[in-house]
Amino acid sequence: MKPNLTVVVSNAPAPPPPPASAPEQVEMPFAVVNGEPYAQLPRDLYIPPQALEVFLEAFEGPLDLLLYLIRRQNLDILDIPLAEITRQYMQYIELMQDLQLELAGEYLVMAATLAEIKSRMLLPRPRGAEAEDADPRAELVRRLQEYERFKRAAQDIDTLARLERDVWPTTAELKERRVVRSLPQVTLQEMLVAFKEVVARAEMFAHHHIARERLSVGERMSDILAALGTAGFLEFQQLFRPEEGRMGVTVTFVAILELMREGLIDIVQAEAYAPLHVRAAKGGNLHLVEDPA
Amino acid sequence: MSETYIRNVIEAALLAAGQPLPLAELARLFEEHVRPGTQELQAALAALEAEYAGRGIELKHTASGYRIQVRRELAGEISRLWPERTVRYSRALLETLALIAYRQPITRAEIEAVRGVAVNPNIIRTLLERNWVRVVGHRDVPGHPELLGTTREFLDYFGLKSLDELPPLAELKAMGDINLQLALAGEETAAADAVVAGDAAAAGAGDAADGEDGAEDDELSAGGAGSHELVAGPRDLDG
Amino acid sequence: MSETYIRNVIEAALLAAGQPLPLAELARLFEEHVRPGTQELQAALAALEAEYAGRGIELKHTASGYRIQVRRELAGEISRLWPERTVRYSRALLETLALIAYRQPITRAEIEAVRGVAVNPNIIRTLLERNWVRVVGHRDVPGHPELLGTTREFLDYFGLKSLDELPPLAELKAMGDINLQLALAGEETAAADAVVAGDAAAAGAGDAADGEDGAEDDELSAGGAGSHELVAGPRDLDG
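Remember, predicted model here, so these are calculated numbers, not experimental data.

What counts as what
Residues numbered from 1 in each chain as written. Chains lettered and ligands numbered in written order. Predicted model: local features only at pLDDT ≥ 70, side-chain atom pairs only at ≥ 80, totals over all residues. Heavy atoms only, no water. Helix = DSSP H or I, 4+ residues; strand = E, 2+ residues; numbered from the N terminus. Contact = heavy atoms within 4.5 Å. Areas by Shrake-Rupley, 256 points an atom, 1.4 Å probe, with all protein chains shown as cover. Buried < 20%, exposed > 50% of the residue type's maximum accessible area, 1.4 Å probe, protein only. pLDDT = per-residue confidence, 0-100. Pairing = 2+ DSSP bridges. Axes fitted to C-alpha atoms, helices over the stretch in contact; angles between N-to-C directions. Phe/Tyr/Trp six-rings, centres within 6.5 Å; stacked < 30°, edge-to-face > 60°. Lys NZ or Arg CZ within 6 Å of the ring centre and 35° of its normal. Salt bridge = Lys/Arg side-chain N within 4 Å of Asp/Glu carboxyl O. Parallel < 35°, antiparallel > 145°, perpendicular 65-115°, else oblique. Nonpolar A, V, L, I, M, F, W, Y, C, P; charged D, E, K, R; others polar. Expected span 1.5 Å × (residues − 1). Polar contact = N/O pair within 3.5 Å; in protein donor to acceptor, adjacent residues only side chain to side chain. Arc of directions from axis to C-beta. Patch = residues over 30% accessible without salt bridge, like charges linked within 9 Å, V, L, I, M, F, W, Y side chains within 5 Å.

> Looking at this structure, how should I read the overall build of chain A?
Check the secondary structure of chain A and you find 10 helices and seven strands. Look at the contacts in chain A between residues 6 or more apart in sequence, and 59% of them connect residues 24 or more apart. Working note: accessible area of chain A is about 14,300 Å², and carbon and sulfur atoms make up 56% of it.

> It is not clear to me how the overall build of chain B should be interpreted in this structure. Could you clarify?
A count of helices and strands for chain B gives 13 helices and four strands. When the 239 residues of chain B are sorted by exposure, 46% land in the buried category. Here the contacts in chain B between residues at least 6 apart in sequence split such that 52% fall between residues at least 24 apart. Accessible surface computed for chain B: about 11,100 Å², of which carbon and sulfur atoms make up 51%.

> Hey, could you run me through the confidence of the model for chain A in this one?
Close inspection of predicted coordinates is inappropriate in any region flagged by low pLDDT. Residues and elements named next belong to chain A. In the predicted model, chain A carries a mean pLDDT of 75, and 69% of its residues have values of at least 70. At the level of individual helices and strands, chain A shows its lowest average pLDDT in helix H1 (residues 2-10), which scores 35, and its highest in helix H7 (residues 138-159), which scores 94. This model gives residues 208-213 a pLDDT under 50, and the stretch forms 21 contacts once residues within four places in sequence are excluded.

> I would appreciate a short explanation of the sheet that holds strand S3 (residues 168-169) of chain A in the present structure.
Picture the strands of a sheet paired through backbone hydrogen bonds; they go either parallel or antiparallel. Taken together, the three strands give an open sheet; going across it, the order is S3(A)-S2(C)-S1(C), and neighbouring strands pair in antiparallel fashion. Two strands bound the open sheet, and with one partner strand each, they are S3 of chain A together with strand S1 (57-62) of chain C. Lying over the sheet, helix H3 (residues 38-52) of chain C contacts S1 and strand S2 (65-70) of chain C, oriented at roughly 140° with respect to S1(C).

> Explain the pairing of strand S7 (residues 276-280) of chain A here, please?
For a regular strand, the rule is simple: side chains alternate between the two faces of the sheet. Residues and elements named next belong to chain A. Bridge analysis of strand S5 (residues 233-235) against S7 gives three bridges, and the strand direction is antiparallel. Among the inter-strand pairings, Leu234 is bridged to a residue of S7, identified as Val278. As judged from the five bridges shared by strand S6 (residues 265-269) and S7, these two strands associate in the antiparallel manner. By the bridge assignment, Ile267 is partnered in S7 with Val278.

> Could you clarify how one ought to interpret the packing of aromatic side chains in this entry?
Describing an aromatic ring pair means giving the distance of the ring centres and the angle of the ring planes. Enumeration according to the criterion identifies 16 aromatic pairs over all chains in this entry. With 3.8 Å between their ring centres and 10° between their planes, A:Phe195 and B:Tyr102 make a pair best called stacked. Of the two residues, A:Phe195 is situated in helix H8 (residues 188-202) and B:Tyr102 in helix H5 (residues 91-103); the pairing between them involves two chains. When sorted by exposure, A:Phe195 lands in the same class as B:Tyr102, which is buried. Clustering of aromatic rings is evident, with ring pairs tying together B:Tyr89, B:Trp132, B:Phe154, B:Tyr157 and B:Phe158. A:Arg177 extends its terminal NZ or CZ atom over the ring of B:Trp82, reaching a point 3.5 Å from the ring centre.

> Would you mind going over the pattern of salt bridges with me for this structure?
The final tally for this structure, using the stated rule, is 46 salt bridges over all chains. Of the charged contacts, one joins A:Asp223 and B:Arg134 as a salt bridge, the two residues approaching to 3.1 Å between their closest N and O atoms. Remark: B:Arg134 occurs in strand S3 (residues 133-138) and A:Asp223 occurs in helix H9 (residues 215-231); the pair is interchain, linking two chains. Shared partners join several salt bridges into a network, and the residues in it are A:Glu60, A:Asp64, A:Lys151, C:Arg91, C:Glu95 and C:Arg115.

> So what exactly am I meant to see when it comes to the packing of helix H1 (residues 3-17) of chain C against H3(C) here?
The relative placement of two packed helices comes down to the angle between their axes together with the axis-to-axis distance. All names here are of chain C. Where H1 contacts H3, the axes come no closer than 9 Å and their chain directions differ by 70°. By the angle between their axes, H1 is roughly perpendicular relative to H3. Contacts from Ile6, Arg7, Ile10, Glu11 and Leu14 in H1 reach Glu40, Leu41, Ala44, Leu45, Ala47, Leu48, Glu51 and Tyr52 in H3. In the contact of H1 with H3, the residues fall into nine nonpolar, no polar and four charged.

> Got a minute to help me understand H7(A) in this structure?
For an α-helix, the turn length of 3.6 residues means that residues three or four places apart are oriented alike. In a regular helix each residue adds 1.5 Å, so 22 residues correspond to 32 Å; H7(A) covers 32 Å between its end C-alpha atoms and thus fits that length. Burial of H7(A) is extensive: 17 of the 22 residues sit out of reach of the surface.

> What should I look at first to understand the side chain of B:Glu58 in this one?
Residues and elements named next belong to chain B. Tracing the sequence through the fold places Glu58 in strand S1 (residues 57-62). Residue Glu58 is classed as buried on the basis of its relative accessible area, which comes to 16%. A polar contact is formed between the side chain of Glu58 and the side chain of Arg71, at a distance of 3.3 Å. Residues in contact with Glu58, not counting those within four places in the same chain, are Tyr52, Arg67, Ile68, Gln69, Val70, Arg71 and Arg72.

> Looking at this structure, I do not really get the sheet that holds strand S2 (residues 65-70) of chain B. What am I missing?
The strand order S4(A)-S2(B)-S1(B) describes an open sheet built from three strands, whose pairing is mixed. The sheet terminates laterally at strand S4 (173-174) of chain A together with S1 of chain B, the two strands that pair on one side only. Note: S4(A) against S2(B), two bridges, orientation parallel. From the neighbouring strand, A:Glu173 faces S2(B), where its bridge partner is B:Gln69. Contacting S1 and S2 of chain B, helix H1 (residues 3-17) of chain B runs over the sheet at an angle of about 75° to S2(B).

> Can you walk me through the environment of A:Gly229 in this structure?
Residue and element names in this part refer to chain A. Along the chain, Gly229 falls in helix H9. Of the residues examined, Gly229 reaches a relative accessible area of 65% and is grouped as exposed. C-alpha separation for the pair Gly229 and Ala280, spaced 51 residues apart in sequence, amounts to 7.5 Å.

> For this particular structure, what's the right way to read H3(C)?
Residue and element names in this part refer to chain C. Between its first and last C-alpha atoms H3 spans 21 Å; for 15 residues at 1.5 Å apiece the expected length is 21 Å, and the two agree. Listed as buried for H3 are Leu41, Ala44, Leu45, Leu48 and Tyr52. Taken end-on, H3 shows its buried residues confined to a sector of 100°, consistent with a single buried face. For H3, the exposed residues set more than 90 degrees away from the buried face come down to Gln39 and Ala50. Of the surrounding elements, those touching the buried residues of H3 are H1, helix H2 (23-28), S1 and S2.

> Got a minute to help me understand a nonpolar patch on the surface in this structure?
All names here are of chain A. On the surface, Phe253, Leu257 and Met260 cluster together into a nonpolar patch covering about 260 Å² of accessible area. Within the secondary structure layout, Leu257 lies in helix H10 (residues 245-261). Take Leu257: its relative accessible area is 43%, and that puts it in the partly exposed class.

> Teacher, can you tell me more about the environment of A:Leu103 here?
If you trace the backbone, A:Leu103 turns up in the loop between helix H4 (82-98) and helix H5 (105-122). Beyond its immediate chain neighbours, meaning those up to four positions away, A:Leu103 contacts A:Ile93, A:Met96, A:Gln97 and A:Leu108.

The following block contains the structure:
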């Protein structure tokens, strides 16, 4: 066991400080002993076994460990010195086994993968093959990169302003809550279907007809009555809006005629050639909107 | 410690805490070497209080400390955050509304004549309260019944420029219900947009549009107490 | 509707709600006939935002709507309100969350393929319980594994309006044409010479990352077969 420890220490040279031009990940603290983070293996011989355990357990798996080995030495992930990295990887695996850490099976799978790649690299390359296909490391490199980008994405997510850690939601109490009923919503279609149905039902009464279409006239009749309700008395001319054009004027005129026919308005004239005035009717006969006759 | 900083921290803490905070706890938020004294804290609280004048929130000092709360004046508006379950309008109401829209000006008796049942006064009241319908005059017959018409709000709500945009009855009849839905799909979203509230709630209302027939039947049969009126009603009109 | 009134109601509502409010819900706080339009509401929100400049709170627009939150700059002071409350999440959880966020919908096996280790079931459970993640469906392969995706609460929690606002994912670099012989020969010295090469993230063009999940699955299960040989394998290597 002891020899292994020494080997590890001698094989873990203090990494050079990351160059300023490479805003890479800062090397992870390698161990935390009594609250003190250690970024490098201590030089002295005695390493508390717990510290190593913490260090080794800090890896999220074989890809993470490999990335650590690569990044620690500032190696190009696209051109990994496989023999060297494999050797270092195996030392960590042996160390974990010696420390009797429960070693996840994935670490051993990776060890086998590394061994296999290494042996394939010793074989001559097939002619005519694409460089990347032919390089036995390609798949490993892809997986390392893929893992690394999500490792970094996780770090990025962790730096987002998170609720209840970086920012806090605010609340102000409302002392007196009132009971509020929200108003029902209606769609135009619902109303039209309702209309269609009520008309269909009404038509089952033989003597009842709802056939006439006088939509805009009806609307104008309402408008005129409402205006008269407010003003009481209006000049005939005022009921017309020339800007509406001939159609609008006609509709207004028909509405006035209709209102007169229904006895809802009177048109009065003080003397001949004086302006006509319109007022709500004081007398008159009942005329039905839906006069069956 | 700048005054602004003290005020900012206190405001943020009171809003984040969700409960009243005593002065001592407010003081503890600051690092020991920059901790403001009681006077400074109280000055900051007074500044906050002044700032909230004319706003929807206020600073309150209660037995357990300071708290920022919503002003009572806004209780009506803010309570709308927690509305009671929305009830849907009955078929009777929709039919009444549709008749007023298409046949205005129209009296209640005339609506009853077409629908064949008495119109519940609540329906007219609801429509008046909703500002979709208004009294545009009175028919000059005994009792001077009110003549009802639709309002500008009605047009706005349904996204119509004028009543002309309602499809004529002949067209409605020609369309099957499904065609009607298709033809109006565009108009409907326009209506929803026009009301700003054109979102979840509006969609919800739309979704809920079906299968309400049970309730409507009830209402109809309730009205059906007057099933003899059905025959009588129209006659009255004729008279 | 005065601007001040609209702003006051919105501010009070955002503070009273205790959760983000969408524009439509803000609109519903006003009676229908005085309801401000989208532009007026947005103007009021902009006014609030401007008012909070230089204050300890800010207006934030996240996936579910608007909320008023305490600024990050005051995190130190405000976290003293709850000395023992800060939750830290493990790297394993954050990596799992990142994979779900960027690669959704994704199965557990696909997450494991990228991370190279089994995913602790507790992690998925925590993410589900926090409501950051939900099961969005099942992949149509034997076993019908659950497909995981993130929720609106996830976005709200991390202050995002949509997934587009996640920090961009690092690009993958292609290996290109590396001279294998050279690489082999130079292997021993490569470590020493190693130039600043770590910048995989910075440059690169096409994103080759998508749609490889199937391949990874295969790989993982293929690798899993040889687990006994593994113990012996490594020893030989060093020899």
